[in-house]
Amino acid sequence: MKLFDWGGYSAIVTGGASGLGSAAAEKLASTGMRVMLFDRDESSGRAQAERIGGWFTRVDVSDPESVADGIATTRKAIGTPRILVNCAGIGGAERTVSRGSAHDPALFEHVVRVNLIGTFNCASQVAAKMVVLQPVDEDGGRGVIVNTASVAAYDGQIGQVAYSASKGGIVGMTLPMARDLANRGVRVCSIAPGLFLTPLLRDLPKDVVSSLGKQVPFPSRLGDPLEFAELVNHIIQNPMLNGEVIRLDGGIRMTPR
C-alpha cells in the first residue's frame, strides 16, 4: 500500500518556535505541508516560520480563547488544518513536600494547565474543524493529531510530580480520543520522548550533557530533535498507527533522581 502524501495540506505545530516543535515544523514544511506555528515566543516563532517558509501566530495553548483565535487565523491564512502536532509544554520541578512545606499548588496547576489542558484545548478544537472536512485517502481519513507526552509519564523522577502528572494525562487521553474520533476519520497518537537535546538541555555544561547521554542504553547519547520529527512524520503517513503512545528513548528507564 502506498502511504498517503499530505504535501499541500495545512498543519499546526504548537510550541513550534524551538526544540521538538521547531524540528517537527521544519520536517513537515520540507514535505510540502503549509505549516502554522503556535507559540508564545513571538520573536523566535516568526523567525522560525520565516526559515521554513511557514506562518506564525501567537497562541497561549492554556487559554481556550487564544487557541480558538489561533485556529481562526490558521484557517484564514492556509486553510483548515488536517494535521496537528502538539509540542507546547513547560517543565517545573518541586517535591511533594520540601523542607516541611507542601508542593506549591499554583505551580502544579500551571504545569498541568499548559501541558495537559493546553494539549486538550488544541486537539479538541482542531478536531472539531477536521471532522467536517471531506476525506482525503482511501480509508476515509480526514486528519491526524500527534501529541507529545514524555517518559516521565512512566518513570517520573523525584521533583517531577507535576510534570509527570501532566504527561501521564496525555498518555491516558490518547486512546479514548482516538476512539472518539475513529468514526470521523481522524487518527490520534502520542510520542513519549526520553532525553533529547532541546534548548533546556543544550544550555547545560558539556560534561553534564555527556553524563545524561550515557544513561541511555543505546545509542548512548541524547536524542536529536530531528529524530523526533521523523517519527512525527511517520505517524502522519502510516494509517495503521492510531491510539498508540510510542516511547522514543533509546531504551532508557529513568532512575529516581
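Above this text you will find the structure in question.
Residues numbered from 1 in each chain as written. Predicted model: local features only at pLDDT ≥ 70, side-chain atom pairs only at ≥ 80, totals over all residues. Heavy atoms only, no water.

Asks: An account of the packing of aromatic side chains is requested, with residue identities and associated values reported.
Replies: Tallied over the entire structure, the rule returns three aromatic pairs. Taken together, a centroid distance of 4.9 Å and an interplanar angle of 80° make the contact between Phe-4 and Trp-6 edge-to-face. You can call Phe-4 partly exposed: its relative accessible area is 23%. Ring plane angle 35° and centroid distance 6.1 Å describe the contact between Phe-4 and Tyr-9, whose orientation is recorded as tilted. Pairwise contacts between aromatic rings join Phe-4, Trp-6 and Tyr-9 into one cluster. (Phe/Tyr/Trp six-rings, centres within 6.5 Å; stacked < 30°, edge-to-face > 60°. Buried < 20%, exposed > 50% of the residue type's maximum accessible area, 1.4 Å probe, protein only.)

Asks: Got a sec to walk through the environment of Gly-140? Specific residues and values, please.
Replies: Relative to the elements of secondary structure, Gly-140 occurs in the loop between α4 (105–130) and β7 (143–148). Accessibility expressed as a relative area gives 22% for Gly-140, which makes it partly exposed. A sequence separation of 46 residues divides Gly-140 from Val-186, and the C-alpha atoms of the two residues are 8.9 Å apart. Apart from the residues within four sequence positions on either side, Gly-140 is in contact with Pro-135 and Gly-185. (Helix = DSSP H or I, 4+ residues; strand = E, 2+ residues; numbered from the N terminus. Contact = heavy atoms within 4.5 Å.)

Asks: Can you break down the pairing of β7 residue by residue, with the values?
Replies: Extensive coverage of β7 is indicated by the burial of six of its six residues. Judged by which residues are buried, β7 turns out to be covered on both faces: Gly-143, Ile-145 and Asn-147 on one side and Val-144, Val-146 and Thr-148 on the other are all buried. Sheet analysis places strand β4 (residues 83–86) next to β7, joined by four bridges and oriented parallel. In the strand pairing of β7, Leu-84 is matched with Ile-145. As paired elements, β7 and strand β8 (residues 186–193) share six bridges and run parallel to each other. The residue bridging Ile-145 from the neighbouring strand is Val-188, located in β8. (Pairing = 2+ DSSP bridges.)

Asks: Residues and numbers for the sheet that holds β7, please.
Replies: Spatial ordering of the open sheet is given by β3-β2-β1-β4-β7-β8-β9, a layout of seven strands whose pairing is parallel. Of all strands in the sheet, those with a lone pairing partner are β3 (55–58) and β9 (245–248), marking the two edges. For this sheet the average axis-to-axis angle between neighbouring strands, irrespective of direction, equals 20°. Two elements, strand β1 (residues 10–14) and strand β2 (residues 34–39), share five bridges in a ladder whose sense is parallel. Across the sheet, Thr-14 pairs through a bridge with Phe-38, a residue of β2. Strands β1, β4, β7 and β8 of the sheet are contacted by α4, whose axis makes an angle of about 180° with β4. (Axes fitted to C-alpha atoms, helices over the stretch in contact; angles between N-to-C directions.)

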